[in-house]
Amino acid sequence: MAVTYTYDDENIFAKILKGEIPCNEVYRDEYALAFHDIAPQAPTHILVIPTGKYVSIDDFGTNASAEEVTGFYKAVAKVAEQEGLTENGFRTIANTGDHGGQEVPHYHVHLLGGAKVGPMVMKAA
Ligand code: 5GP
């Protein structure tokens, strides 16, 4: 079933993009902004977000232009390299919706590294 995506202009990452609240920025270009997660879950924990208004990875994949998609993932690669994650590896996570545990409704990729990051998914108790 096709989903209708409704973007909340007041979500916390929208405010970061608009410069209304600060972030610890590590990279910015036309397609992406990257900054340190406020509550890091690994020695290096960076969030990369598209500059366009997309709620989730499926919204982005469905509705973003080819240029935006390419630009965004080029930025992810640049950030990973710039932050020293590519040498020993890292994990990317894109939580989506309720079951995925997404808290902020602006598409973002977590980059986690700097040490082994543990099992991919915690088993429910
Ligand atoms: P999600 O659960 O949506 O995949 O991840 C949202 C992430 O955003 C969390 O890891 C959380 O720590 C981070 N976060 C929430 N609010 C802020 C903020 O104001 N600044 C920064 N830098 N990160 C935030």
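A brief structural summary. (Residues numbered from 1 in each chain as written. Predicted model: local features only at pLDDT ≥ 70, side-chain atom pairs only at ≥ 80, totals over all residues. Heavy atoms only, no water.)

## Looking at the site of the ligand
Phase 1: Within the structure, the ligand sits among 16 residues, and D37, N95, E103, H108 and H110 are positioned closest to it.
Phase 2: In this structure, G101 approaches the ligand through a main-chain N or O atom, which is 3.2 Å from an oxygen atom.
Phase 3: Surface burial for the ligand is 85%, taken as the share of its 520 Å² of free accessible area covered by protein chains.
Phase 4: Elements represented by at least two residues in the shell around the ligand include exactly α1 (12–17) and β2 (32–36).
Phase 5: Counting residues per element, the shell around the ligand draws most heavily on α1, at 3 residues.
Phase 6: When the residues that make up the shell around the ligand are grouped by side-chain class, the tally is 8 nonpolar, 6 polar and 2 charged. (Near = heavy atom within 4 Å. Polar contact = N/O pair within 3.5 Å; in protein donor to acceptor, adjacent residues only side chain to side chain. Areas by Shrake-Rupley, 256 points an atom, 1.4 Å probe, with all protein chains shown as cover. Helix = DSSP H or I, 4+ residues; strand = E, 2+ residues; numbered from the N terminus. Nonpolar A, V, L, I, M, F, W, Y, C, P; charged D, E, K, R; others polar.)

## A short note on the packing of aromatic side chains
Phase 1: Taken as a whole and assessed by the stated rule, the structure comprises 7 aromatic pairs.
Phase 2: Relative to F35, the ring of F13 lies with its centre 5.5 Å away and its plane at 75°, an arrangement referred to as edge-to-face. Of this pair, F13 sits in helix α1 while F35 sits in strand β2, and the two are 22 residues apart along the sequence. There is no split in this pair, since F13 and F35 are both buried. (Phe/Tyr/Trp six-rings, centres within 6.5 Å; stacked < 30°, edge-to-face > 60°. Buried < 20%, exposed > 50% of the residue type's maximum accessible area, 1.4 Å probe, protein only.)

## So, the pattern of salt bridges
Phase 1: Taken as a whole and assessed by the stated rule, the structure comprises 5 salt bridges.
Phase 2: Salt-bridge contacts for K15 lead to E10; the nearest nitrogen and oxygen are separated by 3.9 Å.
Phase 3: Residue E10 is classed as partly exposed on the basis of its relative accessible area, which comes to 47%.
Phase 4: As a salt-bridge pair, E20 and K18 come within 3.9 Å of each other at their nearest N and O atoms.
Phase 5: Residue classification places E20 among the partly exposed positions, given a relative accessible area of 47%.
Phase 6: Judged by its relative accessible area of 43%, K18 falls in the partly exposed class.
Phase 7: Shared partners join several salt bridges into a network, and the residues in it are E10, K15, K18 and E20. (Salt bridge = Lys/Arg side-chain N within 4 Å of Asp/Glu carboxyl O.)

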